[in-house]
Amino acid sequence: MKTSVSALPFAITLTCFVSTIPVPLYASINEQFSSAIKQSEVSAQFRYRLEHVEQDNTLDNAIASTLRSRLTVTTGKFDNFNALVQLDNVSLLGNDNYNSTYNGKTHYSVVADPKGTDINQALLSYQNKRGTSFSAGRQLVNHANQRFLGGVGWRQNEQTLDGYRLQQSAGSKLTLEIGHYYNVNRIFGPKGAAADQHGSFNTLTTHWQASTDHKFLAFVYDFEFDNWASRSSRTLGIDYQGKVAALPQLSWHLSLAQQYDAHNATQAFSHNYHRISLNWLLDSVTVQAGQERLAGDGQTAFQTPLATLHAFSGFADMFLNTPDNGLRDNWLQLNTKVKDVGLILGYHQFDSDTSNAKYGDEWNAAASYSLNAQLSGVFKLAHYNADSFAVDTTKIWLMLVYQL
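This is a predicted model, so every value here is computed, not measured. (Residues numbered from 1 in each chain as written. Predicted model: local features only at pLDDT ≥ 70, side-chain atom pairs only at ≥ 80, totals over all residues. Heavy atoms only, no water.)

Please explain the overall build of the chain as it appears in this structure.
Secondary structure summary: the chain contains two helices and 18 strands in total. Overall size of the chain, expressed as C-alpha extent along the three principal axes, is 75 × 55 × 55 Å. Across the 404 residues in the chain, those meeting the buried criterion constitute 40%. Across the chain, every contact between residues at least 6 apart in sequence was considered, and the portion connecting residues at least 24 apart equals 55%. Carbon and sulfur atoms form 59% of the exposed surface of the chain, whose accessible area is close to 20900 Å². Here the chain contributes 30 positive and 34 negative side-chain charges, whose respective centroids are spaced 8 Å apart. (Helix = DSSP H or I, 4+ residues; strand = E, 2+ residues; numbered from the N terminus. Buried < 20%, exposed > 50% of the residue type's maximum accessible area, 1.4 Å probe, protein only. Contact = heavy atoms within 4.5 Å. Areas by Shrake-Rupley, 256 points an atom, 1.4 Å probe, with all protein chains shown as cover. Lys, Arg positive; Asp, Glu negative; His and termini not counted. Charge placed at Lys NZ, Arg CZ, Asp CG, Glu CD.)

In this structure, what is going on with a nonpolar patch on the surface? I would like to understand it.
A cluster of nonpolar side chains, Phe134, Tyr164, Leu166, Leu176, Ile178, Tyr182 and Leu204, forms an exposed patch at the surface whose accessible area comes to about 600 Å². Among the elements of the structure, strand E6 (160-170) and strand E7 (174-185) are those that each provide at least two residues to the nonpolar patch. At three residues, the largest contribution of residues to the nonpolar patch is made by E7. Its location among the elements puts Tyr182 in strand E7. (Patch = residues over 30% accessible without salt bridge, like charges linked within 9 Å, V, L, I, M, F, W, Y side chains within 5 Å. Salt bridge = Lys/Arg side-chain N within 4 Å of Asp/Glu carboxyl O.)

Got a minute to help me understand the pattern of salt bridges in this structure?
In total, this model carries 15 salt bridges according to the counting rule given. Salt-bridge contacts for Arg138 lead to Asp118; the nearest nitrogen and oxygen are separated by 3.7 Å. Of the two residues, Arg138 is situated in strand E5 (residues 132-139) and Asp118 in strand E4 (residues 116-127); the sequence distance between them amounts to 20 residues. Notably, a salt bridge pairs Glu292 with Arg147, separated by 2.8 Å at the nearest N-O pair. Linking Glu292 in strand E13 (residues 285-294) with Arg147 in the loop between E5 and E6, this pair joins segments that are 145 residues apart in sequence. The two residues Glu292 and Arg147 agree in class, both being buried.

Fair warning: the whole summary comes from geometry, so function is off the table for now.
Structure follows, in structure tokens:
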């Protein structure tokens, strides 16, 4: 093989540099590199989902039969560094009789699972024994219960962020995290105008494990969207989870936040948020009751555009965008297990924050079962009864997950 003239200076420089490395150091580097390769892991996951959507409007019923195939490669550590690459492919099994938000089939109801192949994660990480960790690249970021920032793991195409993340622990009880991200890879990708949201997204969180029974989180989210200015905002809040030894069967979760317009926001606003839930364990049944409020004034409302929204306000996803009159969600949920089958039954009452409007109510049910360590299945049902917001909607899911 011939070496080009332009490559000769680089080749000579590289040869000279390598020749100056002491033999013991070179052997040590080679040994670490070999160890990192040997400790690398490759895993695969296949997630099939059948989703049916029926709505009381002119749209045709949607049926989406999709398979997500995921390949993940994680290297071993090399001098406290390691890398991760994760590739996803979403394929159709059958016809695409649904509106994926990209396929142009707008006469069907929406199932936001477009087909395509994408790099879900690609990052370089560093971690030392002094509690410092740093990651750079495309990464999955899940904060707390994911109400303000999460990966939307329910959808076939996950939400990931491009940017940088620094975490520093002070002992075992206190952790500070700072993040800066410049692009959001949204669930509507990998192609199309909605696949990405560019901007400047800065996060600051402080976790404090006060004791075994009490955990606190303070957070600041500063989001500036280049092409979605109505969602540019600054959100500050606290989150608290606790219980007492005298009543071990009772636990609670409280979250408070305030959101302001920021940067290039199209309107001025200031809105409050709260979420409170109580969990009571009665024998084998956990009873959860709670309320969540996202304030609104008729023109704007508290929004969480980068949250894992499917985990909140009912399975039917009727409130992915908070109505301008705000939202109050009062819910009751029962969790139990019958033999090896996990069961959930929930009820939500949705009202406006202002104007005294009754939006509607929703019933949720789910069953999950793990056949073994590799294969598991989920069945979910949601039925939303509309009063003054949207239309009656029924959604059914059947999902199978196989992990290699």
